[in-house]
Amino acid sequence: MSKHKLFLLRHGEGAWNKENRFCSWVDQKLSENGVKEAQDCGTLLKEQGHKFDLVFTSILSRSIQTAWLVLEAMGQEWVPVVKSWRLNERHYGTLIGLNRAEMAAKHGEEKVKVWRRSFDVSPPPIDESHPYFHEIYNDRRYTTCDVPKESLPRAESLKEVLDRLLPYWDNTVVPEIKKGRTVLISAHGNSCRALLKHLEGISDKDIANVTLPTGIPVLLELDENLKPVEPRKLLGDQAKIQAAIKKVEDQGKALPST
Ligand SMILES: O=C(O)[C@@H](COP(=O)(O)O)OP(=O)(O)O
């Protein structure tokens, strides 16, 4: 029987989701559509009668803004929000800022799929010559982390995301859930995929087929050991959700030449 409800949420559409660029650790705000997605998500959760006790976000604005909009739409603005870099999006290394369709045209769709969805392949690491290096590492938010700035990642596979996320999950999030608190994790496509892999025991191969659209809440019903007792539920209109998943998958396709 289900003892705990856990909600995972990939933020609403960000400016670079719209432009089909790898956003990763670049701090982009939500697009107009992303604001609406977050508000609609909150409205749906309210209509379904869900109540949160605690929200966890990354330290990237798009996940924080999403959490605020969801809570506002639910009339639950008072719920505490706790932030950690450990929930940040996967660090996409030198791919940051690049357009997925252009990368697919240049390197092939298969290569882009491996970069995006394989479990243990890291893209090339970022260095000081990268156009977004200084913007990321000179940002004051990264002086507040529980590791020195020099130890923060320069590129990550999904496996490395899980490695940095798990200690936070085990030591900070799990105790709250076990106290009986209903938790929302407002984070990113890949930090949520890493957590899903861990909770559902998805194989290294099969995780490549898990795609999360923006602004769609994922409900997990867990037993007392935090093992899922039912398949995950993506809440909302199922036809729209399937179309949104396909849209995310298609971002890695080369555009037909004109
Ligand atoms: O970094 C990004 O651009 C996307 C994920 O990209 P893909 O893995 O889908 O290519 O992350 P999010 O929008 O969830 O923060």
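Residues numbered from 1 in each chain as written. Predicted model: local features only at pLDDT ≥ 70, side-chain atom pairs only at ≥ 80, totals over all residues. Heavy atoms only, no water.

A. Highlighting the packing of helix α4 (residues 100-107) against helix α5 (residues 109-117). Interhelical geometry of α4 versus α5 gives an angle of 125 degrees and a closest axis separation of 7 Å. Here α5 runs oblique to α4, going by the angle between their axes. Seen from α4, the contacting residues are R100, M103, A104 and H107; seen from α5, they are E109, K111, V112, W115 and R116. Counted by class, the contact of α4 with α5 contains four nonpolar, one polar and four charged residues. (Axes fitted to C-alpha atoms, helices over the stretch in contact; angles between N-to-C directions. Helix = DSSP H or I, 4+ residues; strand = E, 2+ residues; numbered from the N terminus. Parallel < 35°, antiparallel > 145°, perpendicular 65-115°, else oblique. Contact = heavy atoms within 4.5 Å. Nonpolar A, V, L, I, M, F, W, Y, C, P; charged D, E, K, R; others polar.)

B. Spotlight on the sheet that holds strand β3 (residues 81-83). Ordered in space as β3-β2-β4-β1-β5-β6, the six strands form an open sheet in which the pairing is mixed. What marks the edges here is a single partner per strand, and that holds for β3 and β6 (233-234). Pairing geometry for strand β5 (residues 217-222) and β6, over two bridges, is antiparallel. Each residue of the ladder has a partner; that of V218, found in β6, is L234. Where helix α7 (residues 158-178) meets the sheet, it contacts β1 (4-10), β2 (54-57), β3 and β4 (183-187), and its direction lies at approximately 165 degrees from that of β2. The strands touched by helix α8 (residues 189-200) within the sheet are β1, β4 and β5, with β1 carrying the most contacts at an inclination of about 150 degrees. (Pairing = 2+ DSSP bridges.)

C. View of the nonpolar core. L6, L8, F56, W169, V173, V183 and I185 are the most contacted members of the largest nonpolar core, which has 35 residues in total. The set of elements that each furnish at least two residues to this core consists of β1, β2, α7, β4, α8, β5 and α9 (238-250). For this core, the element with the most residues is α7, which contributes nine residues. The contacts of V183, once residues within four sequence positions are left out, are K5, L6, F7, F52, L54, F56, V173 and I177. In this structure, A104, V112, Y132 and C145 belong to the second largest nonpolar core, which totals 23 residues. (Core = buried A, V, L, I, M, F, W, Y, C linked by side-chain atoms within 4.5 Å. Buried < 20%, exposed > 50% of the residue type's maximum accessible area, 1.4 Å probe, protein only.)

D. Examining the UniProt feature "site: Transition state stabilizer" (unreviewed entry) in the protein more closely. UniProt records the feature "site: Transition state stabilizer" (unreviewed entry) at H188, using the numbering of this structure. Tracing the chain through its elements places H188 in the loop between β4 and α8. Judged by its relative accessible area of 0%, H188 falls in the buried class. The contact partners of H188, leaving out residues within four places of it in the chain, are L9, R10, H11, S58, L60, R62, S63, L87, N88 and E89. Engagement of the side chain of H188 in a polar contact is seen with the side chain of S58, the distance being 2.8 Å. (UniProt positions renumbered as here; feature names shortened; annotations may be inferred. Polar contact = N/O pair within 3.5 Å; in protein donor to acceptor, adjacent residues only side chain to side chain.)

E. Spatial organisation of the site of the ligand. Near the ligand you find 16 residues, and of these C23, E89, Y92, R116 and G189 are the closest. In the model, an oxygen atom of the ligand is placed 2.8 Å from a nitrogen or oxygen of the C23 main chain. At 2.5 Å from an oxygen atom of the ligand is found a side-chain nitrogen or oxygen belonging to E89. Here the ligand, which alone exposes 400 Å², has 99% of that area covered by the protein. Secondary-structure elements contributing two or more residues to the shell around the ligand are α5 and α8. The residue makeup of the shell around the ligand, split by class, is three nonpolar, six polar and seven charged. (Near = heavy atom within 4 Å. Areas by Shrake-Rupley, 256 points an atom, 1.4 Å probe, with all protein chains shown as cover.)

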